[in-house]
Amino acid sequence: MTAEVTKLQSKFAELLRWERQKRREQILLLAAGGALALAVLLSPLHIFLPLSGLRWIVPILLLVGLVQLLFYYRRWRPADATRAVVAMDRKLGLDERAVTAWELAGRGDQSAAAQLVFQQTESRLRSVQPRFMFPRQWAWPAYTVAPLLLFWFALLWFDFDQPVFQQPSAVAQGLAQKLREFARDFQEKARAEGLRESLKLGQELEKLAQKNFADNANDEQLKKDLAGVKQKLEAAGNSGQQTQSIAGAESEQSLKDLRAELEAARDMLNLSDGVKAPQQWMDRLASMPQLRKQLDRARQERDDGKGLGQQELQSLLDRLDQQVAGALDRRALIDAQQYLEQMMQQGQGKENNQAAQMAGRGEQDEPGDGVREKNHSNLPGNEPGKNDDRLGSLPGFRADTRTQIKGQLGEGESSGVMFKAKPTPGKSALAPQEVVADYRHQAEQELNSEKVPAALKETVRKYFLSLEESRK
Amino acid sequence: MIGPEATLQDSITPLLQGSFIMESLADIEGRIDSARRTFAEVKAEIARVIVGHEELIEEVFVALVCGGHCLLEGVPGLGKTLMVRSLGAILSLSFSRIQFTPDLMPADITGTNMLTDDPSGRKLFEFQRGPVFAHVVLADEINRATPKTQSALLEAMQEQGVTVGGKLHLLENPFMVLATQNPIEMEGTYPLPEAQVDRFFFKLILQYPSHSELTRIADLTTAAPPAPLREILDADGILQLRQWVREVPLADVVKDYAVRLIMSTHAQQETNGGASLAQRYVIYGSSPRGLQSVILAAKARALFAGRPNVSVEDIRALLLPSLRHRLILNLEADADGVSSEKILAELITHVAEVA
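Residues numbered from 1 in each chain as written. Chains lettered and ligands numbered in written order. Predicted model: local features only at pLDDT ≥ 70, side-chain atom pairs only at ≥ 80, totals over all residues.

Undergrad: Is there a simple way to think about the overall build of chain B in this case?
TA: In terms of helices and strands, chain B carries 15 helices and eleven strands. Restricting to contacts in chain B with at least 6 residues of sequence separation, those with at least 24 account for 77%. (Helix = DSSP H or I, 4+ residues; strand = E, 2+ residues; numbered from the N terminus. Contact = placed C-beta atoms within 7 Å.)

In structure tokens, the structure reads:
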């Protein structure tokens, strides 16, 4: 192999190396442009991604796929090498000397004619620099990559890729905010009343609300999270129900009263004389109605007619305190569960069913027992806030007097609660305190929900105050 | 190879190879230069008596050094005979002219066995060579002779010899037939069959001279006759050129281009880069002889241009004379006035140089 051939082959190798490099760059640019364009076009499908963070790597995945595809279909072929050499021939006006020399060198032709071709070609190519002769020529994909990248980035940064129905709706945001407020109140209440389970779930609820609020979660996500928490609440409520013996039988108010009496009784027990205490305590405890009821029940269980000793009394008080705390915890959890149910219904865009707030009360209604029935009380009424002229004629309420407010049938929504008492032989009855407490609870929620006209709120409050007074 | 001799040869060969190549390199440069100068001299010498037709003269010379024959087409009086005669004179070749007429017989071309007496008085047949036994034969108005007579000439062209009385008589080497046709006087003529036309290396069209050329013709032919033409090349020189032409390297890319051009003349081929005329008007495309003609002529052109290799431009330049008589067009082409030249020109513009 002569020196000319060696130099020529080196020059051809340099040219082909450069052309292959340009081809690779072009493929990469084309793939990048294509991947970005596809990513923009496919952005509406981001909702099907399991994680929202995956949308950021969609172009990378597309790029990897396209690069492989393009590197296969636009792979360097022998014809490309020939084209490159012919292009150089044409550029230098060599009348196909270069391509002839390239082929003859490849064949190992050592004839005199071939040597002449080598010599003439080498002399012409000696000073040629392929990089300068054939500089990069950016085609349209090169100019589209940067704008497409910016467009795609803006699309994701400003969440334009989320369709309207998937954007964090005001309802979802409102619900998240509402849930956060509820969770905080719930924790405060649980902390104040020493409800450990409720406090724990309240904290969890707040975290959940905070997360949904911060992530701009949509309705679906919020409902999904709420359903998860609701299940936990149900589980906690059910486990509490199995362990508490006092919970089912008492109303919330009576439980609270019992707790207050228990605290007072324990204080008195701690300050008393150790010898005289039992009988003295029994006398003083007799003035505490709720505690007395529990003590009577304890005596009946002992069934020996004797009084309780101090140790027994202390033990009983501790047990009662635990049971009351558990029962209150469970009631709080059930309240929270109902609240979440209501929120989920609101999230589904359904009409706010306020009756659901009261449905499923622990001791009266087992899960599934809260049946809403169509009766006169839940027939459509007039829209709240309208016909204010009639509100002026509402009667005042006094204790121990019968007052009747006529509902107005027409458009609007109303709700009702069905109470089911435990059957006893010959009758089925509920304590009035329980009924009043439930109604008051419902009324308070309605008042807080601002669906009750302002003029009527005070009337409702007065009504329940009058009922309280009548109880006393 | 095994043994001390082979080992010695193997070791000597690389040492000798360098000097051999250097010597051959200088030799081949000399050949190319010599061919280029010869060609220039031939053109210049003919230009003394023939006005215009430079391209035609080049092509005839190319056909000569490629061992081909030419079919010249042109109206009478354009200098066909003068050109051929001049070529014969310059090249120091024997020249004969046959005027084809309807009553011309094959023996009038090839020659015949004559009954003669030998010195002892015995009767014997002696072959009398016909006019075809010359280096350059001008077959004037070849289409006026009957097919039988035409075939006798065409057979001689193809076989480089004639067979008379069961005996083959070889023709001169180099041997070239320049047949002429008059395209306007078609009455009483016998058009050459396609198969026989295909045997011509080139078909050349003589164009009517321009105004300036006519003026020069007037000056040249009505004044004192020019000095006799100088002999530039002899038969051996032409045979040497023929050998050199075949040694010109041809790149595969260029060969592939020529092949694709040939294939694209066929209507059913889809390698014509979208050219539509061939698809529409060609019944039969070029034969393989067309490809041989194009490539060989391109090699000769490259040699005469002083280049050591064939270029794409050589192929393009000689595509028309090589293929124009090899395309068989349909009646629709005749009706639409589409010529083979037009079809070939379209193919040149459409077929890519690199596949």
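Past the structure itself, the notes keep going.
Undergrad: Which parts of the structure should I look at to understand the overall build of chain A?
TA: When its secondary structure is counted, chain A shows 18 helices and zero strands. Buried positions account for 28% of the 472 residues belonging to chain A. For chain A, long-range pairs separated by at least 24 residues make up 76% of all intrachain contacts whose partners lie at least 6 apart in sequence. (Buried ≥ 20, exposed ≤ 12 C-beta atoms within 10 Å, placed from the backbone.)

Undergrad: Which parts of the structure should I look at to understand unusual backbone geometry?
TA: The phi torsion of most residues other than glycine is negative, and most of the peptide bonds are trans. Of the consecutive residues N173 of chain B and P174 of chain B, the connecting peptide bond is found in the cis state with omega at 0°. Note on placement: P174 of chain B falls in the loop between β7 (167–170) and β8 (176–181). For D95 of chain A, which is not glycine, the phi dihedral falls at a positive 55°. Summarising the element assignment, D95 of chain A is placed in the loop between α3 (78–92) and α4 (97–107).

Undergrad: What is the right way to look at the interface of chain B and chain A in this model?
TA: The parts lose accessible area when they come together, and the size of an interface is often stated as this lost area. Counting from both sides, the interface comprises 22 residues of chain B and, opposite them, 21 residues of chain A. Of all elements in the fold, only α1 (4–47), α9 (252–263) and α12 (312–317) of chain B reach the threshold of two or more residues within the side of chain B that touches chain A. Partitioned by chemical class, the residues of the side of chain B that touches chain A number twelve nonpolar, three polar and seven charged. (Nonpolar A, V, L, I, M, F, W, Y, C, P; charged D, E, K, R; others polar.)

Undergrad: What's the story with helix α11 (residues 288–304) of chain B in this structure? I'm lost.
TA: For an α-helix, 3.6 residues make a turn, and residues three or four places apart therefore share a direction. For α11 of chain B, which comprises 17 residues, the first-to-last C-alpha distance of 24 Å matches the rise-based estimate of 24 Å (1.5 Å per residue) to within 8%. The buried fraction of α11 of chain B amounts to 13 of the 17 residues, a majority that puts the element mostly inside the structure. (Expected span 1.5 Å × (residues − 1).)

Undergrad: Looking at this structure, how should I read the sheet that holds strand β1 (residues 70–73) of chain B?
TA: In any sheet, the strands associate via hydrogen bonds between backbone groups, in a parallel or an antiparallel arrangement. Residues and elements named next belong to chain B. Pairing within the open sheet is parallel, and its five strands lie in the order β2-β5-β8-β1-β9. Unpaired on one side and paired on the other, β2 (95–99) and β9 (202–205) mark the two borders of the sheet. In this sheet, neighbouring strand axes are inclined to one another by 20° on average, regardless of whether the strands run parallel or antiparallel. In this structure, strand β5 (residues 136–140) lies alongside β8, joined through four bridges in parallel fashion. From the neighbouring strand, V137 faces β8, where its bridge partner is V177. Across the sheet, helix α2 (residues 54–66) lies against β1, β8 and β9, angled at about 165° from β9, the strand it touches most. (Pairing = 2+ DSSP bridges. Axes fitted to C-alpha atoms, helices over the stretch in contact; angles between N-to-C directions.)

Undergrad: Could you clarify how one ought to interpret the packing of α9 of chain B against α11 of chain B in this entry?
TA: A pair of packed helices is characterised by two quantities: the angle between their axes and the separation of those axes. All names here are of chain B. As a packed pair, α9 and α11 sit with axes 10 Å apart at the nearest point and diverge in direction by 140°. For the pair α9 and α11, the crossing hand works out as right-handed. Contacts between α9 and α11 pair K255, A258, V259 and I262 from the former with G290, L291, V294 and I295 from the latter. Among the residues making up the contact of α9 with α11, the classes are represented as six nonpolar, one polar and one charged. (Left-handed = near helix turned anticlockwise from the far one by under 90°.)

Undergrad: Is there a simple way to explain the confidence of the model for chain B in this structure?
TA: All names here are of chain B. The share of residues in chain B with pLDDT of 70 or more is 92%, and the mean pLDDT across the chain is 85. Mean pLDDT per element in chain B: α1 is the minimum at 68, and α11 is the maximum at 95. Long-range and interchain partners of residues 1–21, a stretch whose pLDDT sits below 50, account for six contacts in this model, where long-range means more than four residues apart. Here the predicted complex carries an ipTM of 0.80, next to a pTM of 0.60. (pLDDT = per-residue confidence, 0-100.)

Undergrad: Just to check I follow, could you spell out the environment of L170 of chain B for this structure?
TA: Here L170 of chain B is to be found in strand β7. With 14 residues separating them along the chain, L170 of chain B and A156 of chain B place their C-alpha atoms 8.9 Å apart.

Undergrad: Help me understand the nonpolar core, please; the structure alone is not making it clear to me.
TA: It is characteristic of soluble globular proteins that their nonpolar side chains tend to be buried jointly. Core analysis: the biggest nonpolar cluster contains 120 residues, and C70 and I315 of chain B have the highest contact counts within it. Aside from chain neighbours lying at most four places away, what touches C70 of chain B is V60, A63, L178, F200, F201, F202 and L204 of chain B. Among the nonpolar cores identified, the runner-up in size contains 36 residues, and A183, L201, A236 and L313 of chain A belong to it. (Core = buried A, V, L, I, M, F, W, Y, C linked by C-beta atoms within 7 Å.)

Undergrad: Where do I start with the packing of α2 of chain B against α11 of chain B in this structure?
TA: Residues and elements named next belong to chain B. Where α2 contacts α11, the axes come no closer than 9 Å and their chain directions differ by 110°. In this view, α2 runs roughly perpendicular relative to α11, as classed from their interaxial angle. In this structure, the crossing between α2 and α11 has a hand that is right-handed. Facing α2, whose interface residues are V62, V65 and C66, α11 presents L296, A297, A300 and R301. (Parallel < 35°, antiparallel > 145°, perpendicular 65-115°, else oblique.)

Undergrad: Even after reading the chapter, I still don't get the pairing of strand β4 (residues 123–129) of chain B, so can you show me in this structure?
TA: Residues and elements named next belong to chain B. Note that strand β3 (residues 111–117) and β4 share seven bridges and pair antiparallel. Its bridge partner lying in β4, T112 is registered against Q128. The turn joining β3 and β4, which pair antiparallel and follow one another in sequence, is formed by five residues; a positive phi near 90° is taken by G121.

Undergrad: How should I be thinking about the pairing of β8 of chain B in this particular structure?
TA: Each regular strand displays side chains that alternate between the two surfaces of the sheet. Residues and elements named next belong to chain B. Among the six residues of β8, six are classified as buried, and the element is accordingly described as predominantly covered. Of the two faces of β8, both are covered, the one formed by M176, L178 and T180 as well as the one formed by V177, A179 and Q181. As judged from the four bridges shared by β1 and β8, these two strands associate in the parallel manner. Residue pairing across strands places C70 opposite L178, the latter belonging to β8.

Undergrad: Just to check I follow, could you spell out the confidence of the model for chain A for this structure?
TA: Note: predicted coordinates in regions of low pLDDT should not be interpreted at a detailed level. Residues and elements named next belong to chain A. When pLDDT is averaged along chain A, the result is 73, and 68% of the positions lie at 70 or above. Across chain A, the secondary-structure element scoring lowest on mean pLDDT is helix α15 (residues 355–358), at 37, and the one scoring highest is helix α2 (residues 58–73), at 91. Throughout residues 349–395 the model reports pLDDT below 50, and contacts reaching past four residues in sequence, or to other chains, amount to 86 contacts.

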